[in-house]
Amino acid sequence: MLLKASGQDLEANVNFIMNQNYKDFLKNFDLKLENYFNSHKKHIHCIIGCSSCCEKGDYPLSQIELEYVMQGYIKLDNDIKKMVQNNIKSFTRGEKCPFLIQNQCSIYPYRPIVCRVHGLAYLCNDNKVKVPYCVNFNKNYSDCYNNGEITINPVLENLDTPNVLKDFDYGEIRNLYDWIKIKTL
Ligand code: SF4
C-alpha cells in the first residue's frame, strides 16, 4: 500500500537529504582546506589551545550552517550544554563565541565555514587578500607581512561563506549574536 507522506514527512525528508549533502560537501571541503593549510604551513601558527579567533568576531553563518551547529549542540553532554547556555546568557555582540569551552570549540566537527577557513590568507571577490587578524599578534603570516600585505601568494580561492556555499540553498546569513536572539537554545 502506498502511504501518502504528510507535509511534515516531506519536509523532514528534504531536510535529511540537504543535511546529508552538506555533510558530504564538508568532508571534501575539509580535505581541500587541509591542503591549503599544508601549502602555507611555514606561515601558520595555529595550535591546540590557541583560541584567539574565537574570542572576538561576528561569526557570520548561514541558516544551513546554523542548523548543523544546532545538531552538534544537541549531541553535547549535559554539563557542556549548561556551560554553553551560561555563555549564551552573557554573550555580547562581537565578543567570545559561546561555544568556546575551556579554550576549545565544543562543536568543532559542526563549526561554520567561517571558522573552518579562519587562519588562511585568501583572495576575495574584488582581488583583495583577506589575512587573518592574528597576523597582528605575531601569529599566522606575521613572517611575511609588510605594510598591510602578505608577500607570498594567498590561497587563490575565495573562501568567503557565500562563495563556498554557492551550490547550496543556504538561506540567510546573520551574525551568531543575531541568530541567538532569534533562536533559543
Ligand atoms: S563555533 Fe567553534 S570554532 Fe567557531 S568561533 Fe565558536 S568556538 Fe570558535
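See the structure printed just above.
No experiment lies behind these values; they were computed from the predicted model shown.

Asks: I'd like to hear about the overall build of the protein, residue by residue, with values.
Replies: On a plain count of helices and strands, the protein comes out with 6 helices and 8 strands. Going residue by residue from the N terminus, the α and β elements of the protein occur as α-β-α-α-β-β-α-β-β-β-β-α-β-α. Counting all 185 residues of the protein, 24% fall into the buried class. Sequence-distant contacts in the protein: of pairs separated by 6 or more residues, those separated by 24 or more amount to 72%.

Asks: Report on the environment of Tyr145, specifying residues and quantitative values.
Replies: By secondary structure assignment, the location of Tyr145 is in strand E6 (residues 145–146). Look at Tyr145 and you get partly exposed, because 18 C-beta atoms sit within 10 Å. Look past the residues within four positions of Tyr145 in its chain and what remains in contact with it is Val135 and Ile150.

Asks: Quick one: what's the story with unusual backbone geometry, residue by residue and with numbers?
Replies: In this structure, Tyr59 is a non-glycine residue whose phi angle is positive, near 50°. Counting through the fold element by element, Tyr59 comes out in the loop between helix H1 (7–39) and strand E1 (60–62). With phi around 70°, Tyr141 is a residue other than glycine that occupies positive phi space. Summarising the element assignment, Tyr141 is placed in the loop between strand E5 (129–130) and E6. Residue classification places Tyr141 among the buried residues on the basis of 24 C-beta atoms within 10 Å.

What counts, and at which threshold
- Residues numbered from 1 in each chain as written.
- Predicted model: local features only at pLDDT ≥ 70, side-chain atom pairs only at ≥ 80, totals over all residues.
- Helix = DSSP H or I, 4+ residues; strand = E, 2+ residues; numbered from the N terminus.
- Buried ≥ 20, exposed ≤ 12 C-beta atoms within 10 Å, placed from the backbone.
- Contact = placed C-beta atoms within 7 Å.

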